[in-house]
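# Chains, contacts and geometry: an overview
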Amino acid sequence: MKTKLFFLVPLFLLFSFVSCNEDDSVQESQAQYKSFNKPGDDTIFEIVASFLPGQFGQLYGAIQYVDSELGAGLEDAIKSNDIDITVFAPVDAAFVGLLGVLNKPDIRPDDVDEIEGVEGIPSEIVLAVLQYHLTNGRRGSNSVVPRKGSKTIQTMLQGASFEVDKDLMITDVAGQKALIGIVNPDIYANISASNGMIHVIDKVLLPVPLDVILDPNSDFWNAFRDKQQND
């Protein structure tokens, strides 16, 4: 399996909700908020390339794959300081799980060859999945994690969103659960870049159910192709 960089999604820190209780002063809460939302020195691309070597090869590989096949421009976007982006970045182990799911013969269309790494998945699927891990703006945990119930996060994949609950758990359209911050939210959330924010997650999120994402003739893919042609 080739390992390139998929899309770093360091788990976001449930910062203000963990460290600030109801007795904290407004001044302390604001100081914490400003601290983790302050722009960092490095771009998202630079952080992904250097953060925990060997953990984000699949993410970077996926970005390079869709840029090469579809001219998506994702690498340029995470290198640029012209716009702010928040990335929910899956680690390499999350891709192993995804590839295992996609290799199940009972859900793979007859025209999909044996999948060996990200480059074995149709590029349109990979691009849609990557866009589903991105949202506009610099969004720290205070903007992502609700105090109670759940919060809907609109993504850069048009019309697609996922839910986040107060326990740092993401639920995607396919019904999968992904944990923000993985083993340590204090380290893997609220990673501030010069051009946005990174929150690491432990699963690759899917914008549609598995049977739909692997059906090349579904309404989802027809609409997605039409949009790419018109952009």
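Residues numbered from 1 in each chain as written. Predicted model: local features only at pLDDT ≥ 70, side-chain atom pairs only at ≥ 80, totals over all residues. Heavy atoms only, no water.

## Thoughts on helix H4 (residues 57-70)
At 3.6 residues per turn, the α-helix brings residues three or four places apart onto the same side. Helix length check: H4 (14 residues) gives 20 Å between terminal C-alpha atoms against 20 Å at 1.5 Å per residue, within 8%. For H4, the complete set of buried residues consists of Gly57, Gln58, Leu59, Tyr60, Gly61, Ala62, Ile63, Tyr65 and Val66. Count one or two residues on from H4 and you reach Gly71, which has phi positive near 60°. (Helix = DSSP H or I, 4+ residues; strand = E, 2+ residues; numbered from the N terminus. Expected span 1.5 Å × (residues − 1). Buried < 20%, exposed > 50% of the residue type's maximum accessible area, 1.4 Å probe, protein only.)

## What about the confidence of the model for the chain?
Looking at the chain, the pLDDT average stands at 77 and 71% of residues meet or exceed 70. Between residues 1-31, whose pLDDT stays under 50, and residues either more than four places distant or in other chains, the model counts 131 contacts. (pLDDT = per-residue confidence, 0-100. Contact = heavy atoms within 4.5 Å.)

## A closer look at the sheet that holds strand E7 (residues 191-193)
Taken in spatial order, the four strands make up an open sheet running E2-E1-E8-E7, and their pairing is mixed. Looking along the sheet, the strands with just one partner apiece sit at the ends: strand E2 (134-136) and E7. Sheet twist, expressed as the average angle between the axes of neighbouring strands with direction ignored, equals 20°. Note: strand E1 (residues 85-90) against E2, three bridges, orientation antiparallel. In the sheet register, Val87 faces E2, and the bridge partner there is Leu134. (Pairing = 2+ DSSP bridges. Axes fitted to C-alpha atoms, helices over the stretch in contact; angles between N-to-C directions.)

## Some points on the pattern of salt bridges
Within this structure, the stated rule accounts for two salt bridges. The shortest N-O distance in the salt bridge between Glu75 and Lys79 comes to 2.9 Å. Taken as a pair, Glu75 and Lys79 lie in helix H5 (residues 74-79) at a separation of four residues, close to a single helical turn. For Lys79, a relative accessible area of 37% puts it in the partly exposed group. With its nearest N and O atoms 3.6 Å apart, the salt bridge here joins Lys166 to Asp167. (Salt bridge = Lys/Arg side-chain N within 4 Å of Asp/Glu carboxyl O.)

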